[in-house]
Amino acid sequence: MTSEKGIQMGMELEELQKLIRQWINKEVLTKEQTKEKMVQLLQKSGKLGFMSFMYVDELEGDSCGVNTQLWYLQELARSGNSSLAFATFIQSISFAFPIYTWGSEEQKKKFLEPVILEGKLASTSFPEIEQPQLKAVKTEGGWKLSGKSSYITPSIESDFYMFTALNSNHEKVYFVIDKEKLQDAKVIPMKTMGFDQVEFYEMEMEMILPQEHVLVPSATTDSSKLNLSFKEVLDLALSLIGLGIGQEAYDLAKVYANERKQFNRKIATFQTISHRLVEMTVELEACESFIYSRLNQEMDLTVSYPASTGAIRQDVLETAHEVTDKAFQLFGGNGYSMEYPIQRLWRDSQQLVLMTCYENEEFDPVEQNIIMNKDAAIFHQKLKEFIDREISPNITQWEEEGEVPRDLFEKFGQQGYLGIKFSKQYGGTELGYKWDGRFIKELAKCGSAGVTVGITAHTSIAITAIAKLGNSVQKEKYLQPGIQGEKIAALGITEPNAGSDVASIMTTAKREGDYYRINGSKIFITNGVNADYIVLAAKTDPDKGHKGISFFIVDTNLKGVSSSKLDKLGWRASDTAIIYLEEVKVPYENLLGVENQGFYEIMKNFQWERVMVSYFSIGIAERTLEEFLRSGKNTTDKEKEVSKIKVDIEKAYVLADKAVKLFDEEIDPTIESTIAKIYAAEMVTRITSKILRLMGIDGCRTDFILERQWRDARLMTIGGGTSEIMKEILAKRLGII
């Protein structure tokens, strides 16, 4: 069986997606959104085969699978026609999936093929898939189906219907019925807040149905064909519809903000509004990356507490509505006008949330359930053993002393952890950025951000600059002993009056023959007291601003270099200092890279620092969750709260992994690393605060690790560039301003 026209067997995915977008642009975007037009589009899309992407083998549907079917729903919602997206979901997923999975050949022929390939209409009550109202009793002649079914949709003129009922054992039974058998049912129209082009109605019925109308779910076949259960497909499909609505709301808001003027300025230029648009971008990107990582079943992740699809659905739909609400607010009074579509998206997104607020929905089990591949499992276990042996027993002492011993760096070096992404020529292992990210995350679970930052500032940002810019002599003298842990490195950029604004640094380096004379100071320098050398930024041509900045390797034993330790709220085990440079004579050969090109290299180095902070934040969040679960604290809705936390962590992980791939592929990661940093840093701040509250009065105790985790996490939205600066960067990069 093939569709009337449209998709063809063997189509490449890109070709298929192009065809779908052409159809949406030609038919969906140009059609007036009425119930009649929606039904026509629904029928036509069925004839084109757009309902059949995920149904293969004997039905000869398209072979592109679940991803394409669900992506199509997202594209429909993003086109602004969320009613059509929702109606298509009812037909292609809610109605078709059970028949495809559990139906007989006769049932597929009679009910499934006409809907997904011939343009026939089908209705279901998808909320009742989770919470059936109908009762089903087995009789000699078949089944007696009785009761009332609500929120049946999308059309009262449907050719086929599917109902979910509970039998005497409280087990779900699905009934698929043609419209002729429902002539005696009482139909009661319903009015809802959203999805204006979709009909909702109730049916009261009592009938006897033969066995040929019954589908009985089987655990053995539930996910065998598509690698996802019915519940999982429903959850992810609804998530993508909600996401599409949120994306359309964002697109409308961005355009409006660049057209609307107040006080003779485009409102997009107001920082509050540009930052709000960036926040919407970050939230939507986190949701989209999260959903598709789960759809693609990317086992490359090392997620300690993977979330269920139900938790994903709940989070994405709530986030999508929050984004839509922010977009609505941006329109001001115009958003309240029915002439603007933002109010419709606002209503539709809220209705999706409400229709999926299932009573007594089971949340994720709270126990740990680590997902990782074999290589990741080995790496994870060896690093955990090292941390348990060398770090965990000493954390309290190091927190009190305000630093870690020098030999800890050597121990890390001996294990190869300081050279994960560096060349074997200088003692590295060349595993790449991905594994460096894994290392940072696992190390951050040690329970002391101070220990973690001391090691990661050394290997992830300080000696990284030498690996990228240094010549062979510099690499042998500084990089190689840095990888071995024999020399400790620090990165010196931040100054008392120049944080994220690197161009404003005041430290100078004046060329005098065979050396540079450096004067100035640096602040918040990790490893500043115990470092053997500092990779330092200074102005070699102050008149050129950011174009006059250069990088140097400054040995801390040089005359004129001094330091003083800072007392900090958190990260107390880290050696953090102010560095003073007074008439320091640095040899010319210690110029790192090209003179006056330092600013651009600093910006590149910042990209990895942002991803480092992302993995750092994830590690703190995971350890915080572990400690809360270990505490045995019982709170109201504990499983629900834990479920939300797991989603938050996994979203951050997906974004960080998306960014890290670009580093290994040598693609500009600026947007992705900035998004990852914003989300992860704010995530860990949310989670540590929430868990302290869940602990109640015990959250105050400083002899519990949770209080330290909360203090340590607070720096994540500041270090590596504040969230506010990150939003400024994204606003420009994304074309918001």
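As the structure is a computational prediction, the values presented were derived from the model and not from experiment.

**Let's talk about the overall build of the protein**
Line of reasoning, step 1. Check the secondary structure of the protein and you find 21 helices and 18 strands.
Line of reasoning, step 2. Whereas a compact globule of 737 residues would reach a radius of gyration of roughly 27 Å, the protein reaches 30 Å, a difference of no more than 12%.
Line of reasoning, step 3. The principal-axis extent of the C-alpha atoms belonging to the protein is close to 95 × 60 × 50 Å.
Line of reasoning, step 4. Relative to its 737 residues, the protein shows a buried fraction of 58%.
Line of reasoning, step 5. Distance between charge centroids for the protein: 4 Å, based on 87 positive and 106 negative side chains.

**Remarks on the nonpolar core**
Line of reasoning, step 1. By size, the foremost hydrophobic cluster in this structure holds 201 residues, and its most contacted members are Phe-86, Phe-89, Ile-391, Phe-412, Phe-439 and Phe-551.
Line of reasoning, step 2. Beyond its immediate chain neighbours, meaning those up to four positions away, Phe-412 contacts Phe-386, Ile-391, Tyr-417, Leu-418, Phe-439, Leu-443 and Ile-455.
Line of reasoning, step 3. Of all hydrophobic cores here, the second largest spans 19 residues; its members include Leu-134, Ala-165, Leu-209 and Val-214.

**Let's talk about the packing of helix 13 (residues 406-414) against helix 15 (residues 449-469)**
Line of reasoning, step 1. In contact at an axis separation of 11 Å, helix 13 and helix 15 are set at 60° when each is read in the N-to-C sense. Taken together, the axes of helix 13 and helix 15 lie oblique to each other. Seen from above, helix 13 lies across helix 15 with right-handed handedness. Taken together, the residues of helix 15 that come into contact with helix 13 (itself represented by Leu-408, Phe-409 and Phe-412) are Val-451, Gly-454, Ile-455 and His-458.

**With respect to the side chain of Lys-651**
Line of reasoning, step 1. As for its placement among the helices and strands, Lys-651 is situated in helix 18 (residues 638-664).
Line of reasoning, step 2. Judged by its relative accessible area of 1%, Lys-651 is buried.
Line of reasoning, step 3. When neighbours within four sequence positions are excluded, Lys-651 is seen to be in contact with Glu-283, Ala-286, Cys-287, Phe-290, Asp-315, Thr-319 and Tyr-679.

**Some thoughts on the environment of Ser-155**
Line of reasoning, step 1. By secondary structure assignment, the location of Ser-155 is in the loop between strand 3 (142-152) and strand 4 (160-166).
Line of reasoning, step 2. Spatially, the C-alpha atoms of Ser-155 and Glu-36 are 9.7 Å apart, while their sequence positions differ by 119 residues.
Line of reasoning, step 3. A distance of 3.1 Å separates the side chain of Ser-155 from the backbone nitrogen of Glu-157, its partner in a polar contact.

**As for the pairing of strand 12 (residues 508-512)**
Line of reasoning, step 1. Across 5 bridges, the pairing between strand 12 and strand 13 (residues 515-526) is antiparallel. Residue pairing across strands places Glu-512 opposite Tyr-515, the latter belonging to strand 13.
Line of reasoning, step 2. Hairpin connection from strand 12 to strand 13: 2 residues lie between these consecutive antiparallel strands, with Gly-513 at a positive phi of about 70°.

**A word on the packing of aromatic side chains**
Line of reasoning, step 1. One pass over the structure, following the stated rule, counts 38 aromatic pairs.
Line of reasoning, step 2. Between Phe-328 and Tyr-336, the aromatic rings sit 6.5 Å apart at their centres with planes inclined by 85°, giving edge-to-face as the arrangement.
Line of reasoning, step 3. By relative accessible area, Phe-328 is classed as buried at 13%.
Line of reasoning, step 4. Residue placement shows Arg-686 over the ring face of Tyr-679; its charged tip is 5.4 Å from the ring centre.

**Let's talk about the confidence of the model for the protein**
Line of reasoning, step 1. Confidence in the prediction for the protein averages 91 pLDDT; 93% of positions are at 70 or higher.
Line of reasoning, step 2. Considering only residues more than four positions removed or in separate chains, one finds that residues 1-5, a stretch of pLDDT under 50, has 16 contacts.
Line of reasoning, step 3. A low-confidence stretch, residues 58-63 stays under pLDDT 50, and its non-local contacts, those more than four residues away or across chains, total 26 contacts.

**As for helix 15**
Line of reasoning, step 1. Taking 1.5 Å as the rise per residue, helix 15 with 21 residues should run 30 Å; its terminal C-alpha atoms sit 28 Å apart, in good agreement.
Line of reasoning, step 2. The buried count for helix 15 comes to 19 of 21 residues, which makes it a mostly enclosed element.

**A word on the state of the cysteines**
A covalent bond bridging the sulfur atoms of two cysteines is what the word disulfide describes.
Line of reasoning, step 1. The full count for this structure, using the stated rule, is 0 disulfides.
Line of reasoning, step 2. The thiol sulfur of Cys-287 is not disulfide-bonded, and the nearest other cysteine sulfur, from Cys-357, lies at 16 Å.
Line of reasoning, step 3. Judged by relative accessible area, Cys-287 falls into the buried class, the value being 2%.
Line of reasoning, step 4. When its relative accessible area of 48% is taken as the criterion, Cys-357 is described as partly exposed.

**Here we look at the pattern of salt bridges**
Side chains that differ in charge, positive against negative, can pair when their charged atoms come close.
Line of reasoning, step 1. Tallied over the full model, the rule gives 44 salt bridges.
Line of reasoning, step 2. A salt bridge links Lys-411 to Glu-390; its shortest N-O distance comes to 2.9 Å. Of this pair, Lys-411 sits in helix 13 while Glu-390 sits in helix 11 (residues 374-390); the two residues are 21 residues apart in sequence, bridging distant segments of the chain.
Line of reasoning, step 3. By relative accessible area, which is 17% here, Glu-390 ends up buried.

**Details of helix 8 (residues 271-295)**
Line of reasoning, step 1. Its 25 residues place the ends of helix 8 36 Å apart at the C-alpha level, agreeing with the 36 Å of an ideal helix rising 1.5 Å per residue.
Line of reasoning, step 2. Just past helix 8, the residue Gln-297 takes up positive phi, approximately 50°.

**With respect to unusual backbone geometry**
Line of reasoning, step 1. In the segment running from Thr-153 into Pro-154, the intervening peptide bond is cis, with an omega of 20°.
Line of reasoning, step 2. Positionally, Pro-154 belongs in the loop between strand 3 and strand 4.
Line of reasoning, step 3. Look at Tyr-151: it is not a glycine, yet its phi comes out positive at around 55°.
Line of reasoning, step 4. Within the element layout of this structure, Tyr-151 appears in strand 3.
Line of reasoning, step 5. A residue is classified by how much of its surface remains accessible, and Tyr-151, at 34% relative accessible area, is partly exposed.
Line of reasoning, step 6. You will see that His-170, though not glycine, has its phi angle at about 60°, which is positive.
Line of reasoning, step 7. With respect to the helices, strands and loops of the structure, His-170 is situated in the loop between strand 4 and strand 5 (172-178).
Line of reasoning, step 8. By relative accessible area, His-170 is classed as exposed at 63%.

Scoring rules and cut-offs
- Residues numbered from 1 in each chain as written.
- Predicted model: local features only at pLDDT ≥ 70, side-chain atom pairs only at ≥ 80, totals over all residues.
- Heavy atoms only, no water.
- Helix = DSSP H or I, 4+ residues; strand = E, 2+ residues; numbered from the N terminus.
- Rg over C-alpha atoms; globule rule 2.2 N^0.38 Å.
- Buried < 20%, exposed > 50% of the residue type's maximum accessible area, 1.4 Å probe, protein only.
- Lys, Arg positive; Asp, Glu negative; His and termini not counted.
- Charge placed at Lys NZ, Arg CZ, Asp CG, Glu CD.
- Core = buried A, V, L, I, M, F, W, Y, C linked by side-chain atoms within 4.5 Å.
- Contact = heavy atoms within 4.5 Å.
- Axes fitted to C-alpha atoms, helices over the stretch in contact; angles between N-to-C directions.
- Parallel < 35°, antiparallel > 145°, perpendicular 65-115°, else oblique.
- Left-handed = near helix turned anticlockwise from the far one by under 90°.
- Polar contact = N/O pair within 3.5 Å; in protein donor to acceptor, adjacent residues only side chain to side chain.
- Pairing = 2+ DSSP bridges.
- Phe/Tyr/Trp six-rings, centres within 6.5 Å; stacked < 30°, edge-to-face > 60°.
- Lys NZ or Arg CZ within 6 Å of the ring centre and 35° of its normal.
- pLDDT = per-residue confidence, 0-100.
- Expected span 1.5 Å × (residues − 1).
- Disulfide = S-S within 2.5 Å.
- Salt bridge = Lys/Arg side-chain N within 4 Å of Asp/Glu carboxyl O.

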